[in-house]
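# Working through the structure, step by step
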Amino acid sequence: MNHPWSPQHFRTGARAAGRSDAVIAAAASAALPIKRAHPDLPVILTLHHLAHLAGVSAEQLQQVAFRKEDSYRVFRVRKRGLPNSHPALPRGYRTICVPHPFLMRTQRWIAQNILNPISPHPASFAFAPERDLVGAARLHHGAKWLLKMDVRHFFESISERQVYWVFRVLGYGALVSFQMARICTRLPKHRRVRSAGLSGRGRPGLPYPRHHEGHLPQGAPTSPMLANLAMRTLDRRLTALAEQGGWTYTRYADDLAFSRRDRSSRATAMHLAKQVERELELAGLVHHRQKMVLAPPGARKVLLGVLVDSERPRLTHAFRNNVETHLFALTSKKIGAAAHRHKRGFSSTIGMRRHIEGLIAFAHQVDPTYAANLYAQFNTVDWSR
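Worth saying up front: this structure is predicted, and the values here are computed from it rather than measured.

The rules behind these values
Residues numbered from 1 in each chain as written. Predicted model: local features only at pLDDT ≥ 70, side-chain atom pairs only at ≥ 80, totals over all residues. Heavy atoms only, no water. Helix = DSSP H or I, 4+ residues; strand = E, 2+ residues; numbered from the N terminus. Polar contact = N/O pair within 3.5 Å; in protein donor to acceptor, adjacent residues only side chain to side chain. Axes fitted to C-alpha atoms, helices over the stretch in contact; angles between N-to-C directions. Parallel < 35°, antiparallel > 145°, perpendicular 65-115°, else oblique. Contact = heavy atoms within 4.5 Å. Nonpolar A, V, L, I, M, F, W, Y, C, P; charged D, E, K, R; others polar. Buried < 20%, exposed > 50% of the residue type's maximum accessible area, 1.4 Å probe, protein only. Arc of directions from axis to C-beta.

### Structural notes on the side chain of Thr-250
With respect to the helices, strands and loops of the structure, Thr-250 is situated in strand S6 (residues 248-252). Within the local environment of Thr-250, its side chain forms a polar contact with the side chain of His-140, the two groups lying 2.7 Å apart.

Put into structure tokens, the structure is as follows:
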């Protein structure tokens, strides 16, 4: 969305509103860095100005900026189990934070008007217009070596301070950047920890509440794009690191991928992994070692659900078998939609339909000819029985 800004029109309107020359000059001066950063960015001078633009109450935003209340509905969802993990190890949970309506409205406005116009690093393929996981997979086609690494607690690792600097780099003033960082982050629940030495009150070993900086909440509409922009420096460093060694690097959210089409060795790949892990630590991130995968020549290479070991990305046999089984059951006179929904544990027919439609849409990105046949079968399903 474009936000044109004319200093002349602003001065004329401000004078008509009775603003002093000093205030007008200060506001015009604050607008210049924003427009230099990107001409489509909106000029935001104060928290009240942001509230007016987003159509919400300034008092409510002040409560969030001052951390007076936690304006999120929080729940947990079970994570998928790791494919190589021990069956006795419990699966973890993902914390989802859904903003209250006024905060959701504000965050959506920030996402659409401030974050959408800004492109992430070219190596980043998630949460960005005209970029997707298939585009990331295409850069690794024909890989002989594939190294996959994962960031643990990705969103929670992006701090309020990093979000503040995203807004500052975009030209916004220090105070309004701080306030927008607060609006887009959430303070984690304080934990009482035991100090190894003296506590904050000077008494050894006593529990004390440690101050926590806010972090990106998973579930907020601003979090994906802010994470991308906060990772630009790391993406630049990892791209340079990969290119120096003859590797190709991409990132899809918390999934890092490195590949090469020529000869290499396991020792070289593990050395790269150590260097990447060091870069992650410098950026305040933690490598999820359980999820690291190194696929050498001859091994099956699946990246983001797509096979990348040939001249073009391909759907896996497991994916094809899954979607074809869905369509067989749905079009079968003996089974049908209701029985299949019950068998597969879907809570509703609409939910099942959307899920399968999403699978076919993904197939279309990878193999349009194959997906055309799937769509033809999908369109014959009788969802009423």
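### Some remarks on the packing of helix H7 (residues 160-169) against helix H9 (residues 223-230)
Viewed as axis vectors pointing N to C, H7 and H9 meet at an angle of 80 degrees, and their least axial separation amounts to 9 Å. Between H7 and H9, the angle is such that the two are roughly perpendicular. Residues Gln-162, Val-163, Val-166 and Phe-167 of H7 form the contact with H9, whose participating residues are Leu-226, Leu-229 and Ala-230. A breakdown of the residues in the contact of H7 with H9 according to their chemical character gives six nonpolar, one polar and no charged.

### Looking at H7
Taken residue by residue, H7 has Glu-160, Val-163, Tyr-164, Val-166 and Phe-167 as its buried positions. When H7 is viewed along its axis, its buried side chains cluster within an angular range of 155 degrees and face the same direction. For H7, exposure combined with an orientation more than 90 degrees from the buried face picks out Arg-161 and Val-169. Structurally, H7 contributes buried residues whose contacts are with helix H5 (101-115), helix H8 (174-184) and H9. Immediately beyond the C-terminal end of H7, within one or two residues, lies Gly-171, with a positive phi of roughly 100 degrees.

In short, shape yes, function no, at least from these values alone.
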